[in-house]
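Here is how the chains run, residue by residue.
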Amino acid sequence: MSTSTRHGARSSWVGMPDVAAEWTKLSSVRSTWWTALAGLLVMAASAGQLAIYAANANTNDDPTDDRGIVTVGSVLIDSVELTQYVVLALGLLAITAEFTSGTIRTTLQCTPSRGRVLLAKAAVTGAVTFALGLLLGGVGALVARPVLGEWGSAPAADTIRDIVAVATYLALIGVLALGLGAALRSAVLTLTVLLATLMIVPLSLQEPDIDVLNRIADVFPGVAGGHFLAGDTEPYPPLVGLLLLAGWAGAALLLGRAALRRRDA
């Protein structure tokens, strides 16, 4: 193998210096930490509010809305529906902020391979959002458990599993946002597409309650992730939901890589 061939092979893989550089960029901007703080506040508020609703439903005068004992994990999973929109901002800002400021030119001059740049960003974004997801899950559990009181349960193994599932879901959503951000370059446009993909389009498909439209909605990332988090067995097992969500994240990265290669920074 020639020297140029070996160099070309190496250039297609992301290395530790690339990851370290992306971590430095992400951690050195205040928006990252403000976004993380916002996520913690939204998770705490959502978990607390949902726990209050669950407890009140069991103690009011209307027996038809009694939920009985609910798990802390179920409260966490319901809280993610709102909290995810704060967390995915980390993914889209990791790339769109560079397009806005023009620093993407410097990034691509230092690492000409678009694939390596995007993979490094994906590795850092996925790791950061996973770690943040663990923290969010822990905070949500700490808030929800005392609020639920006698109407809540928190089996250690199940709660830990739910926290890890929440972190995994948020990591994949963060990578999905990154890939779309690389393709669309605009934070506002990326957020609009994410809202449509995660919520608006699936809800519109489910609204008529037509079986074929429901099946189409089930393959969208937000719905697939919801089945994964809830541990559903219908319309498919949780693993299938996880794989569908991962597939969306991978497809978004491929779309972002193609856009980076096709257009100048």
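Just so it is clear, the structure is predicted and the values come from calculations on it, not from any experiment.

(A) Spatial organisation of the overall build of the chain. Looking only at helices and strands, one finds 11 helices and two strands in the chain. Judged by the C-alpha coordinates and their principal axes, the chain covers about 75 × 40 × 35 Å. A total of 265 residues make up the chain; the buried ones form 43% of that total. Sequence-distant contacts, at least 24 apart, represent 77% of the contacts inside the chain between residues at least 6 apart. Put simply, the chain shows about 13,200 Å² of open surface, and 67% of that area lies on carbon and sulfur atoms. Looking at the chain, you have 17 positive and 19 negative side-chain charges, and the mean spots of the two groups are 25 Å apart.

(B) Broad picture of the nonpolar core. In this structure, L88, L176 and L229 are the most contacted members of the largest nonpolar core, which totals 43 residues. Considering every element that reaches this core, the biggest residue donor is helix α7 (residues 156-184), with 12 residues. Counting 11 residues, the second largest nonpolar core, distinct from the first, contains V70, V72, L76 and L148.

(C) Representation of the packing of helix α2 (residues 16-27) against helix α6 (residues 114-148). Axis separation between α2 and α6 bottoms out at 9 Å; the angle between their running directions is 60°. Taken as axis vectors, α2 and α6 run oblique relative to one another. Crossing angle aside, the handedness with which α2 passes α6 is right-handed. Residue-level inspection shows D18, V19, E22, W23, K25 and L26 of α2 in contact with α6, the latter providing R116, V117, A120, K121, A123, V124 and V128. Residue classes in the contact of α2 with α6 are distributed as eight nonpolar, no polar and five charged.

(D) Seen up close, the side chain of Q84. Mapped onto the secondary structure, Q84 falls in helix α4 (residues 72-101). One polar contact links the side chain of Q84 to the main-chain carbonyl oxygen of E81, over a distance of 3.2 Å.

(E) Molecular detail of a nonpolar patch on the surface. A cluster of nonpolar residues, F130, L134, I160 and V164, forms a patch on the protein surface that exposes about 310 Å² of accessible area. Sorting the residues of the nonpolar patch by element identifies α6 and α7 as the ones contributing at least two each. Tracing the backbone through its elements, the reader meets L134 in helix α6.

(F) Quick look at helix α8 (residues 187-206). Over its 20 residues, α8 runs 28 Å from end to end, which matches the ideal 28 Å to within 8%, given 1.5 Å per residue. Largest kink in α8: about 45°, centred on A196. Among all positions in α8, only T190, L194, T197, L198, P202 and L205 are buried. Looking at the packing, one finds that the buried side of α8 touches α4, α7, α9 (211-217), α10 (221-230) and α11 (238-262). By the N-cap criterion, in which a side-chain oxygen at the helix start approaches the backbone nitrogen of a residue two or three places on, α8 is capped by S186, the distance to V188 being 3.4 Å.

(G) Region of interest: the environment of T24. Within the secondary structure, T24 sits in helix α2. Between the alpha carbons of T24 and D158 there is a distance of 35 Å; along the sequence they are 134 residues apart.

(H) Looking closely at the environment of G181. You can see G181 is positioned in helix α7. Taking C-alpha positions, G181 is 39 Å from P146, a pair spaced 35 residues apart along the chain. For G181, the residues in contact, after removing those within four places along its chain, are I95, T96, F99 and T190.

(I) Structural detail: unusual backbone geometry. The omega angle of the peptide bond from E234 to P235 is 5°, so this bond is cis rather than trans. Mapped onto the elements of the fold, P235 is located in the loop between α10 and α11. Notably, R185 is not glycine yet its phi reads approximately 70°, a positive angle. In this fold, R185 is placed in the loop between α7 and α8. One non-glycine residue, D209, lies in positive phi territory at about 55°. With respect to the helices, strands and loops of the structure, D209 is situated in the loop between α8 and α9.

(J) Region of the structure containing the pattern of salt bridges. A full pass over the atoms with the stated rule returns seven salt bridges. The salt bridge partner of D158 is R161, with a shortest N-O separation of 2.6 Å. Within this pair, D158 and its partner R161 are both found in helix α7, separated by three residues, close to a single helical turn. Exposure remark for R161: the relative accessible area of 51% places this residue in the exposed category. With a shortest N-O distance of 2.8 Å, D218 and R215 are connected by a salt bridge.

Cut-offs applied
- What you see as residue numbers is a count from 1 along each chain, following the sequence as written.
- Only residues with pLDDT of at least 70 are given local features in this predicted model, and only at 80 or more are side-chain atom pairs given and counted; all residues enter the totals for whole chains, interfaces and linings.
- The basis for every side-chain value is the complete set of non-hydrogen atoms in the structure, without hydrogens or water.
- Strands are runs of DSSP state E lasting at least 2 residues, helices are runs of H or I lasting at least 4, and numbering of each runs from the N terminus.
- Classification of residues uses two cut-offs on accessible area relative to the type maximum, computed with a 1.4 Å probe and protein chains only: under 20% is buried, over 50% is exposed, and between them is partly exposed.
- Residues are treated as being in contact if the distance between any of their heavy atoms lies within 4.5 Å.
- A 1.4 Å probe and the Shrake-Rupley method give the accessible areas. Residues count as covered only by the protein chains that appear here.
- Positive charges are assigned to Lys and Arg, negative charges to Asp and Glu, while His and the chain termini are left out of the count.
- Note on charges: their place is set at NZ of Lys, CZ of Arg, CG of Asp or CD of Glu.
- In these notes, a set of buried Ala, Val, Leu, Ile, Met, Phe, Trp, Tyr and Cys residues joined through side-chain atoms within 4.5 Å is what counts as a nonpolar core.
- Axis lines are fitted to C-alpha atoms, over the contacting stretch for helices. Their N-to-C directions set the angle, which ranges from 0 to 180 degrees.
- Put simply, angles under 35 degrees are roughly parallel, angles over 145 are roughly antiparallel, angles from 65 to 115 are roughly perpendicular, and the rest are oblique.
- Crossings are classed by handedness, with left-handed meaning an anticlockwise turn of the near helix from the far one by less than a right angle and right-handed meaning a clockwise turn.
- Residues are grouped as follows: Ala, Val, Leu, Ile, Met, Phe, Trp, Tyr, Cys and Pro are nonpolar; Asp, Glu, Lys and Arg are charged; all remaining types, including Gly, are polar.
- Definition of a polar contact: a pair of N or O atoms within 3.5 Å, with one able to donate and the other able to accept a hydrogen when the atoms are protein atoms, and with sequence-neighbouring residues admitted only if both atoms are side-chain atoms.
- For patch detection, residues must exceed 30% relative accessible area and be free of salt bridges, and they are connected within 9 Å for like charges or within 5 Å for nonpolar side chains (Val, Leu, Ile, Met, Phe, Trp, Tyr).
- A pair is scored as a salt bridge if a Lys or Arg side-chain nitrogen falls within 4 Å of a carboxyl oxygen belonging to Asp or Glu.
- Expected helix span is computed as 1.5 Å times (number of residues minus one).
- Two axes enter the definition of the bend at a residue: one is fitted to the seven residues ending there, the other to the seven starting there, and the bend is the angle between them.

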